[in-house]
Amino acid sequence: MMRTQRAIVGLGLLLGLAYRVQAQEYPRPAVPDLDRLTQELFAEAQNDQVPHEDLYETLLQYYQTPLNLNVATREELRSLLLLSETQITNLLSHRQRTGGLLSLYELQSIDGFDLRTIYRTAPFVTVHTPDPNAARGPLWQRIQQEENNALFVRYERGLQTRRGYTTPDTVRGGQLATRYLGSPDKLLVRYRVSRARDFSLGLTAEKDAGEQLAWSPSTHRYGADFYSGHFLVQERGRLKSLALGDYQLQFGQGLLLSSGLAVGKGAETITTLRRSSVGLRPYSSVLENTFFRGAAATVAVNATVRATAFVTRKRVDASFSQRQDTLGDYSEVASSLQLAGMHRTPSELANRQALRETVLGGNLNYASRSGDLALGLTAINTQFDKPLLRRPEAYNAYEFSGRQNLALSAYYSYVWHNALLFGETARTSSGGLGTVNGLLASLAPGLDVSVLHRSYARSFHTFYGNALSENTRNINEKGLYLGLKLRPLARWEVSAYYDQFSFPWLKYQVGAPSQGHDWLVRVTYSPTKTSLLYAQLRQRTKAYDADTLRLVPLPVPTERRSLLLFYDASPLPILSLRTRVQGTQYREDQGPRRQGYVLAQDVTVSPRPHLRFSGRYALFDTDDYDTRQYVYEQDVLYAFSVPVLAGRGTRTYLLTQVDVNRHLTIWLRYAETHYRHQQTIGSGLEEIRGSRRSEVKAQVRYRF
Amino acid sequence: MVKLYAVSYLLCLGAGVHEAQAQASTLGTGGARAAGLGQVSTVLENDVWAATNNSAALGVLTRPMVGFGAANKFLLPSLNTASVVAAVPLGHRATAAGSAAGVPAVVAAADAPRFGVVGVMAQRFGGKLYAEQALGVAYGYQLGTVRVGARVEVLQTSLEGLGSRRTVAASLAGQADIIPRKLTFGATLYNLNQARLAPYQDERVPTVLRAGLGWRTSEKVLVLVETEKDVEQDANFKAGLEYRPVPVLALRGGLATRTHQTTGGVGFKSGVFQVDYAAAWQQALGLSQQVSIALQWEQKQP
């Protein structure tokens, strides 16, 4: 005991927070620096399709209900994405040897836990004695007493008038031009209360800009455009989880079922490569398509086997076309699934919730007592009420068609010494096979490597999967990924990956089988515990059809190379600085190199503990839309913003956070993009006359 | 008139156009020290020219200073710049201990002025046909390992026969010691209000954001890198190196990628005087030169 205490005091001093040791409670930061963490995990946003929000939400979820290091399983620790396999093994054996941790400071006495890891992990974990619910009365009382019990109301609006909100000025085919039906206000109301390993309850209502607030049961509209709600209870004896309402599932490597924990290829080249079987998770985000609606339950068959069954039935957006061929057994087919979740115009509204999807599935998971070996089986059957048939294009030839899809998969994960082997293989009713297998290994204390092989047949159809891939979906792809993380010196870290991929069949805008590769190198230097510098180089070569007059499409290699320099420091406790220089070169085959560039300076000042200002001034300059830049911005809590910058101009924002009292927090945000030499911004219904585009956002959180 | 054509021809000549346009602001002449270092200026310290380069760096000046500068571009008399700057510290810090929590007193530059430093600058560029004048006030303040600064200036542009225009530009600046006395970061934002000179073709004073790092590898050597972005121009990357073999002498070299300019310079420091000379070579346009003299008041004996 004496030894431990001495260790704690010494280490506490190391952290510079010795005075807190008495309380044995690490002071978790009031505002999690999620932006910095997401920037460290993601290499660079390259398109706006990536559902960053989902990962962001997951991290926030961990922040709100931190993972208890004293009871967390190996799989849960992996799902944090911040700990290496060796660190997890060392933590587990430390726990086994000395019992639970007494305080978070004790982490420093565990092999392999360097300060950077501890600082990164600290906001998302906690240390307390097991089973805090034991003496806390019935569930409804616990829900009532739970501190993290909050209502959010968010309002957002663009200040300039977009064409979609003006009166129609042109007539086409005897009809007035299309306009948005609703107002330009965006509204979000959300209530959430949760407790780790106990319960979660949440309700969300959202209306996007341009959408109508309408009451029309015949078109399934009840006020706001999107509602979501869930109720989840956990750890009730044998019943491990029971979810009603909206939920997400993740098993195996995410080939069939993957919730929002997918980072993809990023600057974290080791820990994010493997997916964790986190199982059933509540859903309270606003992405209108990445969840299940219905009921799901996980039951512990015995100490090592868990069974999950789920059923979901919901309506999804789809666009329709009349089938020309009258010999077919159906006349109306859905030609594509719409994922944007926008219902602003009459045609978008017509597609809204047009297809009914029923999903039935189950999972059987075995995890050995030590957690070293895990095996599982997943089955999932999807049924649509109308058949799905893509447009008759060559690249769609092997896409899913019909009403029903059954997918089966088996997965494994095994730790052997310093290596972790994992994989999943699945087959869908079309006969298509998908498999992903990988290895993470710590070769030396300062060196980690990873390998991942994937192969998704052109007829492999998975609707809710999101295993690692270059395509946005797991179809028509073969690839091999090699990753490396090296810590040559105390404050330095080098991470790199090389990924090679090929697409055996055609793709949208690629009229022949094609291939490509992608690599990244990031060198990180953290001179002090509050500052960080990194340089990152990334290059991707991928084929796209050339712009020629030939009748036959000719895919040519297209190269995108980007450089990122990032500096982040808080030289004073109240001040934080962040500078970002980002440049991109884009070249089609042997064509000219086009360039894009952004220089952004951020300042965050917190003059009083309850007051926080963040601002940015950025200059951007891109030759065209291909060299456009995506830059992370700070936003109100639970929102995530990565605007697209193309052309020439400046981007500024100012975000204020005020904690009025213990219950009430207010966020205000103003952002503006000012373009040079442009008379109009955007196109179509989003077009703005003038050279400025600005938005205001306000959010209120009330904690009960 | 021939002269006007000659000047506008030069202004439009390839890389020269950027160089000359950068003159449409006070960014051009920040003393011959910065000019010799490839115009890397965001991380320079202890220099009265901070009033034009990076007002945050004013914050460390402990004694009043005044500086005079003269610059010429491409050996053309109509591209002359003359400038004068002055800096006055306001009050002295009473105690030796730095006020910032968690920062060692040595690092926190204990003798930084208590109420910051005020700088003034005046500058004139051009000849009879085209001229620009700038008059500005800058303020810098040191806060532990961080310095912050701001500047407001009035800019006047006159073209013979076409009258003149006046506008106001506001700028912000910051410097931070990542590793005290070793690694310094600096950033400046010039003309954040995007001041407009004329509504015709939306002509504005350039808005320029710069960020740089300065690395003191040893007592004698300082390595500098900087990126600069003018909204209207391509990005510029600059690097500079200062070598101080003996305390009185400094040798400098630098380059800038966008303007394709290589620079060299020399500086002498003796007592209250500091004299710097810089030369820049541009392949197409030739030689530019700059000289500056700074005078520092003696430290008052307490």
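Computed from a predicted structure; not experimentally measured. (Residues numbered from 1 in each chain as written. Chains lettered and ligands numbered in written order. Predicted model: local features only at pLDDT ≥ 70, side-chain atom pairs only at ≥ 80, totals over all residues. Heavy atoms only, no water.)

## Remarks on the overall build of chain B
Secondary structure summary: chain B contains 4 helices and 16 strands in total. The proportion of buried residues among the 302 residues of chain B is 53%. Sequence separation of at least 24 residues holds for 49% of the intrachain contacts in chain B that already meet a minimum separation of 6. A total of about 13300 Å² of accessible surface is found on chain B, and carbon and sulfur atoms cover 66% of it. (Helix = DSSP H or I, 4+ residues; strand = E, 2+ residues; numbered from the N terminus. Buried < 20%, exposed > 50% of the residue type's maximum accessible area, 1.4 Å probe, protein only. Contact = heavy atoms within 4.5 Å. Areas by Shrake-Rupley, 256 points an atom, 1.4 Å probe, with all protein chains shown as cover.)

## Brief notes about the pairing of strand β1 (residues 65–72) of chain B
All names here are of chain B. Extensive coverage of β1 is indicated by the burial of 6 of its 8 residues. Strand direction decides the pairing type here: β1 and strand β2 (residues 80–89), joined by 8 bridges, are antiparallel. Along β2, the bridge assignment pairs Ala71 with Thr81. One ladder, built from 8 bridges, connects β1 with strand β16 (residues 286–296); its direction is antiparallel. Note that in β16 the partner of Gly67 across the bridge is Ala294. (Pairing = 2+ DSSP bridges.)

## Concerning unusual backbone geometry
Although it is not a glycine, Glu235 of chain A adopts a positive phi angle of roughly 55°. Counting through the fold element by element, Glu235 of chain A comes out in strand β10 (residues 226–236). Under the relative-accessibility criterion, Glu235 of chain A is labelled partly exposed at 33%. Notably, Gln39 of chain B is not glycine yet its phi reads approximately 65°, a positive angle. Considering the arrangement of structural elements, one finds Gln39 of chain B in the loop between α3 (31–36) and α4 (50–53).

## As for empty space enclosed by the protein
All names here are of chain B. Using the criterion set out here, one finds 12 cavities of 30 Å³ or more in the structure. At the level of elements, β1, β14 (261–270), β15 (273–282) and β16 are the ones that each hand at least two residues to the lining of the second largest cavity. In the lining of the second largest cavity, the residues fall into 5 nonpolar, 7 polar and 2 charged. (1 Å grid on protein atoms, 1.4 Å probe; cavity = no way out; pocket = protein on both sides within 12 Å on 5 of 7 lines; lining within 4 Å. Points joined across faces, edges and corners; volume = space filled by probe spheres on them. Nonpolar A, V, L, I, M, F, W, Y, C, P; charged D, E, K, R; others polar.)

## So, the packing of aromatic side chains
Residues and elements named next belong to chain A. Under the counting rule described, the total for this entry stands at 26 aromatic pairs over all chains. Between Phe292 and Phe310 the ring centres are 5.6 Å apart and the planes differ by 25°, which places this aromatic pair in the stacked class. Note that Phe292 is positioned in strand β13 (residues 292–300) and Phe310 in strand β14 (residues 305–316), a separation of 18 residues in sequence. Phe310 carries the same exposure label as Phe292, and that label is buried. When the centroid spacing of 5.7 Å and the interplanar angle of 65° are considered together, the rings of Tyr395 and Tyr508 count as edge-to-face. Residue Tyr395 is found in the loop between β18 (373–388) and β19 (402–416), and its partner Tyr508 is found in the loop between β24 (492–503) and β25 (514–525); the two are separated by 113 residues along the sequence. Judged by its relative accessible area of 55%, Tyr508 falls in the exposed class. Taken together, the ring pairs in this structure connect Tyr247, Phe292, Phe310, Phe384, Phe400, Phe463 and Tyr464 into an aromatic cluster. (Phe/Tyr/Trp six-rings, centres within 6.5 Å; stacked < 30°, edge-to-face > 60°.)

## Structural notes on the side chain of Arg390 of chain A
Residues and elements named next belong to chain A. Assignment of secondary structure puts Arg390 in the loop between β18 and β19. Of the side chains with opposite charge, Glu399 lies nearest to the buried Arg390, which makes no salt bridge, at 4.1 Å. Look past the residues within four positions of Arg390 in its chain and what remains in contact with it is Ser335, Asn396, Glu399, Phe400 and Arg473. (Lys, Arg positive; Asp, Glu negative; His and termini not counted. Salt bridge = Lys/Arg side-chain N within 4 Å of Asp/Glu carboxyl O.)

## Concerning the nonpolar core
Soluble globular proteins tend to bury their nonpolar side chains together. Residues and elements named next belong to chain A. Counting residues in each nonpolar core, the largest one holds 43 residues, and the members touching the most others are Leu69, Leu77, Leu91, Leu107 and Phe124. Looking at this core, the elements with two or more residues in it are α2 (34–41), α3 (52–64), α5 (85–98) and β3 (149–158). Core analysis: the second largest hydrophobic core is formed by 33 residues, Phe292, Ala407, Leu452 and Leu468 among them. (Core = buried A, V, L, I, M, F, W, Y, C linked by side-chain atoms within 4.5 Å.)

## Comments concerning the pattern of salt bridges
A complete count under the given rule lists 62 salt bridges over all chains for this structure. Where Arg561 of chain A meets Glu559 of chain A, a salt bridge forms, and the shortest distance between an N and an O atom there is 3.3 Å. Accessibility expressed as a relative area gives 30% for Arg561 of chain A, which makes it partly exposed. Glu153 of chain B is paired through a salt bridge with Arg151 of chain B; the nearest N and O atoms lie 2.7 Å apart. We note that Glu153 of chain B, like Arg151 of chain B, is buried. The structure contains a network of salt bridges with shared partners spanning Lys265, Arg454, Glu470, Glu477, Asp499, Asp518, Arg538, Arg540 and Lys542 of chain A.

## Quick look at the interface of chain B and chain A
Interfaces are often sized by the accessible area lost when the parts come together. Of the residues lining the interface, 34 residues belong to chain B; the matching set on chain A comes to 27 residues. Summed over both sides, the interface of chain B with chain A buries roughly 2500 Å², with 67% coming from carbon and sulfur. The tally of links between chain B and chain A comes to 2 salt bridges. A salt bridge links Lys229 of chain B to Asp621 of chain A; the nearest nitrogen and oxygen atoms lie 2.9 Å apart. (Buried area = accessible area lost by both parts, 1.4 Å probe.)

## Examining α5 of chain A
All names here are of chain A. Between its terminal C-alpha atoms α5 stretches 20 Å, which fits the 20 Å expected from 14 residues at 1.5 Å a residue. Those residues of α5 lying buried are Glu85, Gln87, Ile88, Leu91, Leu92, His94 and Arg95. If you follow the buried residues of α5, they end up packed against α4 (74–79), α6 (115–121), β19 and β20 (419–428). Of the residues flanking the end of α5, it is Gly99, one or two places downstream, whose phi is positive at about 80°. (Expected span 1.5 Å × (residues − 1).)

## Observations concerning the side chain of Glu146 of chain A
Residues and elements named next belong to chain A. Examined against the element boundaries, Glu146 turns out to sit in the loop between α7 (139–145) and β3. Since its relative accessible area comes to 8%, Glu146 is described here as buried. A distance of 3.2 Å separates a polar atom in the side chain of Glu146 from the backbone nitrogen of Asn148. (Polar contact = N/O pair within 3.5 Å; in protein donor to acceptor, adjacent residues only side chain to side chain.)

## A word on a nonpolar patch on the surface
Residue and element names in this part refer to chain A. A contiguous nonpolar surface patch, about 550 Å² in accessible area, is contributed by Tyr366, Leu375, Tyr412, Tyr414, Trp416 and Leu421. Among the elements that take part in the nonpolar patch, β19 stands out by supplying 3 residues, more than any other. The topology assignment puts Trp416 in strand β19. The exposure class of Trp416 is exposed, given its relative accessible area of 53%. (Patch = residues over 30% accessible without salt bridge, like charges linked within 9 Å, V, L, I, M, F, W, Y side chains within 5 Å.)

## Description of the environment of Gln175 of chain B
Residues and elements named next belong to chain B. Within the secondary structure, Gln175 is located in strand β6 (residues 163–179). Residue classification places Gln175 among the buried residues on the basis of a relative accessible area of 0%. In sequence terms Gln175 and Ala56 are 119 residues apart; their C-alpha atoms lie 6.2 Å from each other. In this view, Gln175 contacts Thr42, Val43, Leu44, Glu45, Asn54, Ala56, Ala57, Thr145, Val146, Arg147, Phe185 and Gly186; residues no more than four positions away in its chain are not counted.

## Some points on the pairing of strand β29 (residues 594–608) of chain A
All names here are of chain A. Pairing geometry for strand β28 (residues 575–588) and β29, over 12 bridges, is antiparallel. Within β29, the residue paired with Arg580 across the bridge is Ala600. Linking β28 to β29, which pair antiparallel, is a turn of 5 residues; within it Asp589 sits at a positive phi near 50°. In the sheet, β29 pairs with strand β30 (residues 611–622) via 11 bridges, with the strands oriented antiparallel. Paired with Arg608 across the strands is Leu611, a residue of β30. Here β29 folds back onto β30, and the loop between the two strands holds 2 residues.

## Considerations on the environment of Pro89 of chain B
Residues and elements named next belong to chain B. With respect to the secondary-structure elements, Pro89 resides in strand β2. Here Pro89 falls in the buried class, since its relative accessible area comes to 13%. In this structure, the C-alpha to C-alpha distance between Pro89 and Gly149, residues 60 residues apart in sequence, is 13 Å. Residues in contact with Pro89, not counting those within four places in the same chain, are Leu61, Thr62, Arg63, Pro64, Pro113, Gly116 and Val117.

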